[in-house]
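# A look at the structure
Below, each chain spelled out in residue letters.
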Amino acid sequence: MSAPTGDIGLIGLAVMGQNLILNMNDKGFNVVCYNRTTSKVDAFLANEAKGTKVQGSHSIQELCSKLKTPRKIILLVKAGPAVDDFIKQLEPYLEKGDIVIDGGNSHYPDSIRRTHELEAKGLLFVGSGVSGGEEGARHGPSLMPGGSPAAWPSIKEIFQKTAAQVNGEPCCDWVGETGAGHYVKMVHNGIEYGDMQLIAEAYDILHRGLGLPEDEIADIFYKWNTGVLDSFLIDITANILKFKDDDGEPLVSKILDQAGQKGTGKWTAINALDAGMPVTLIGEAVFARCLSAIKAERTRASKVISGPQKEAFRGDKQQFIDDLEQALYASKIISYTQGFMLMRETAKELKWNLNYAGIAQMWRGGCIIKSVFLGDITAAYQKNGQLESLLFDDFFNKAVHKAQPGWRRIIAQAVLWGIPTPAFSTALAFFDGYRSEIVPANILQAQRDYFGAHTFKVLPGKENPRLKAGEDIHVNWTGRGGNVSASSYSA
Ligand code: NBP
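An unreviewed UniProt entry annotates the chain as 6-phosphogluconate dehydrogenase, decarboxylating originating from Jaapia argillacea MUCL 33604. The heading Subunit (unreviewed entry) in the UniProt record of the chain holds the text "Homodimer."

This is how it looks when you write it as structure tokens:
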């Protein structure tokens, strides 16, 4: 039998797998493919992969026998049990040091588990976020690999050459240990929800507020796309707004206003709640989709609940549009600030060494949230890898201060119009809370102690013999309760 020539194997010949194989082939790698329904292997070789170096296989054993060691096998199959099934099927044909890579949208706790399970058997595991859809997979995705660190030197060249490139830099680097790759991909998707919601709110303000038609809004977005908001999502939204149905009407005006979701935004919001981190913008973006989904109930409500009388806009229209650009920019800065806060907290808890500049660079190109803005975030973390908050970076600190007046004017006007801006507003509320040394949690603590004897601590500088520094204090607020503090019944 001739020596194996395959550089990498790939299982799963659906849209992502096929395109990633052709991309890796273009970059000079010899790929061996396999699929559960093996007729798809033959169809792929006879059509899309015709004339390439791609090799097929009709069994897991054949796939493994065609790969050079250490074997590297990417799974691009439906996330969930299918990944575990394939790992189980692969194990008998793998040797110490071989690498199983899951490129699907797996939830990061599964990747943590799989890393430990495979490492216990002498194998290596990589859970890699892959973003950019079909187009990205074919021409250069954003790749976010994490898992067994020992796997990285063996897959680095293939991954970095296959990924998107921005200014000569690959949008792929090692993310961190165990489930870090899929974790970062999950946060990426949450941020994507936030970016999309912010753009939808800007559209609503321009359309229902200023009364502008789709064509004009598209032109505003195209202009924004040459400035600080330059990004894939602004660009495609402008294209969407220009797109006409056969009768000449903008197609977007005929699309049912009920958003779907696959769950990765929800995972991020749940993770933020579990971690106790105020990632409010992604949360609002998920809830905005939930509100959109109850269309029938909203329709009934629209008949019986009225808002303010709509008044025509009398201000300076161009100034308003410039303010809106700044409001969108500032809200986006808050969203990414929150996303990076969440990653920092999780990294601390799970003892991951996350490379924040690398993460921003991985998102800089190839994926749905790619933008010029991510280049500025990369620079901020390159200057200071341990930056506590993006808002402490000089560039973003100045940017958010510059945007602040317009940001407030936009939200105030939207409130007067009765146009909901959950993402814009929560960003500003977070900003105002974050920059407040004193927040009204003193009232909450007093209420908790009043009704549940949950105790409170004294504010530094206000100590006295009854209120001692550092102590858990309970006060008998009514003169009726006892002096015993509570350790259960939490609120
Ligand atoms: P799908 O998610 O549609 O999965 C299709 C592949 O999974 C086929 O190879 C299919 O084999 C295999 N499969 C299924 Br379905 N159930 C299986 C089972 N029980 N056992 C073994 N194999 C099974 O493909 P995709 O859209 O290319 O996505 C692949 C992965 O990449 C997914 O995890 C997805 O979430 C992720 N992803 C997708 C995108 C995107 O834009 N589509 C972007 C980023 C990441 P068969 O041919 O025999 O049915």
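Back to the text.
### Side note on the site of the ligand
Neighbouring the ligand are 19 residues, the closest being Met16, Asn35, Arg36, Thr37 and Lys40. The backbone of valine 77 places a nitrogen or oxygen atom 3.0 Å from an oxygen atom of the ligand. Contacts to the ligand include lysine 78, whose backbone N or O atom sits 3.3 Å from an oxygen atom. When isolated, the ligand has an accessible area of 900 Å², and the protein chains bury 72% of it. For the shell around the ligand, the secondary-structure elements that each account for two or more residues are helix 1 (15-26) and helix 4 (81-90). Taken together, the residues of the shell around the ligand sort by class into 10 nonpolar, six polar and three charged.

### Describing the packing of helix 8 (residues 180-209) against helix 12 (residues 280-293)
Running from N to C, helix 8 and helix 12 cross one another at 65°; their axes reach a closest spacing of 8 Å. Here helix 8 lies roughly perpendicular to helix 12, going by the angle between them. Both helix 8 and helix 12 take part in a crossing whose hand is left-handed. Listed contacts from helix 12 to Gly190, Ile191, Tyr193, Gly194, Met196, Gln197 and Leu198 of helix 8 are Leu281, Ile282, Ala285, Val286, Ala288 and Arg289. Tallied by class, the residues present in the contact of helix 8 with helix 12 amount to nine nonpolar, three polar and one charged.

### Examining the UniProt feature "active site" (unreviewed entry) in the chain
Per the UniProt record, the feature "active site" (unreviewed entry) sits at Lys185 and Glu192. As for its placement among the helices and strands, lysine 185 is situated in helix 8. Residue lysine 185 is classed as buried on the basis of its relative accessible area, which comes to 6%. Not counting residues up to four positions away in its chain, the partners in contact with lysine 185 are Asn105, Gly129, Val130, Ser131 and Met144. Judged by its relative accessible area of 16%, glutamate 192 falls in the buried class. For glutamate 192, the residues in contact, after removing those within four places along its chain, are Ile368 and Ile369.

### Quick look at the sheet that holds strand 5 (residues 99-102)
The sheet built from eight strands is open, its strands ordered 3-2-1-4-5-6-7-10 with mixed pairing. What marks the edges here is a single partner per strand, and that holds for strand 3 (55-56) and strand 10 (176-177). Sheet analysis places strand 2 (residues 31-34) next to strand 3, joined by two bridges and oriented parallel. Looking at strand 3, one finds that valine 32 is bridged to glutamine 55. Across the face of the sheet, helix 8 comes into contact with strand 5, strand 6 (124-131), strand 7 (142-147) and strand 10 while running at roughly 15° to strand 6.

### Here's the deal with the pairing of strand 6
If a strand is regular, its side chains alternate between the two faces of the sheet. Counting buried positions along strand 6 yields eight of eight residues, so the element is predominantly enclosed. In strand 6, alternate side chains face the same way, and those of Leu124, Val126, Ser128 and Val130 on one face and Phe125, Gly127, Gly129 and Ser131 on the other are all buried. Bridge count between strand 5 and strand 6: four bridges; the pairing is parallel. Counterpart to valine 100 in the pairing with strand 6 is phenylalanine 125. Since strand 5 and strand 6 lie parallel, the crossover through helix 5 (residues 108-120) that links them has a hand, and here it is right-handed. Sheet analysis places strand 6 next to strand 7, joined by six bridges and oriented antiparallel. When the sheet's bridge partners are listed, glycine 127 is paired in strand 7 with glycine 146.

### Section: the packing of aromatic side chains
For the structure on display, the rule yields 22 aromatic pairs. A centroid spacing of 5.2 Å and a plane angle of 55° characterise the contact between tryptophan 407 and phenylalanine 431, whose relative ring orientation is tilted. Separated by 24 residues along the polypeptide, tryptophan 407 in helix 17 (residues 394-417) and phenylalanine 431 in helix 18 (residues 422-434) bring together distant segments of the chain. Among the aromatic residues, those joined into a ring-pair cluster are Tyr329, Tyr336, Phe373, Phe395 and Phe396. Against the face of tyrosine 193 rests arginine 289, its NZ or CZ located 3.7 Å from the ring centre. Over the aromatic face of tryptophan 417 sits the side chain of lysine 310, whose NZ or CZ is 5.4 Å from the ring centroid.

Cut-offs used in this document
- The numbering scheme is per chain: residues are counted from 1 as the chain's sequence reads.
- The predicted nature of this model means local features are confined to residues of pLDDT at least 70 and side-chain atom pairs, given and counted, to a pLDDT of 80 or more, with totals for whole chains, interfaces and linings taken over all residues.
- Remark: hydrogens and water are excluded; side-chain values derive from all non-hydrogen atoms of the structure.
- UniProt positions are given in the numbering used here, feature names are shortened, and annotations may be inferred rather than shown by experiment.
- Proximity is defined per residue: if any heavy atom of the residue lies within 4 Å of a molecule or strand, that residue is considered near it.
- Any N or O atom pair separated by 3.5 Å or less is treated as a polar contact, with the protein-specific requirement of one donor-capable and one acceptor-capable atom, and with residues adjacent in sequence counted only for side-chain atom pairs.
- With residues, only the protein chains shown are counted as cover, and all accessible areas are computed by Shrake-Rupley using a 1.4 Å probe.
- Counting from the N terminus, the helices are DSSP H or I runs at least four residues long and the strands are E runs at least two residues long.
- Gly is put with the polar residues, along with every residue not named as nonpolar or charged; the nonpolar set is Ala, Val, Leu, Ile, Met, Phe, Trp, Tyr, Cys and Pro, and the charged set is Asp, Glu, Lys and Arg.
- All axes here are fitted lines through C-alpha atoms, helices being fitted over the stretch that makes contact, and every angle between N-to-C directions spans 0 to 180 degrees.
- Oblique is the label for any angle not covered by the other classes, which are roughly parallel (under 35 degrees), roughly antiparallel (over 145) and roughly perpendicular (65 to 115).
- In this scheme, a crossing is called left-handed if the near helix is turned counterclockwise away from the far one by less than a right angle; it is called right-handed if the turn is clockwise.
- Any two residues whose heavy atoms approach within 4.5 Å are treated as being in contact.
- Relative accessible area decides the class of each residue, using a 1.4 Å probe on protein chains only: under 20% of the type maximum gives buried, over 50% gives exposed, and in between gives partly exposed.
- Each pair of strands is called paired provided DSSP finds at least two bridges between the two strands.
- Viewed with both strands pointing away, a crossover whose connecting path from the first strand over the helix to the second turns clockwise is right-handed.
- Only the six-membered ring of Trp is used, alongside the rings of Phe and Tyr, when aromatic pairs are assigned; centres must lie within 6.5 Å, and planes under 30 degrees apart are stacked while those over 60 apart are edge-to-face, with the rest tilted.
- Criterion for a charge above a ring: Arg CZ or Lys NZ at most 6 Å from the ring centre, at most 35 degrees from the ring normal.

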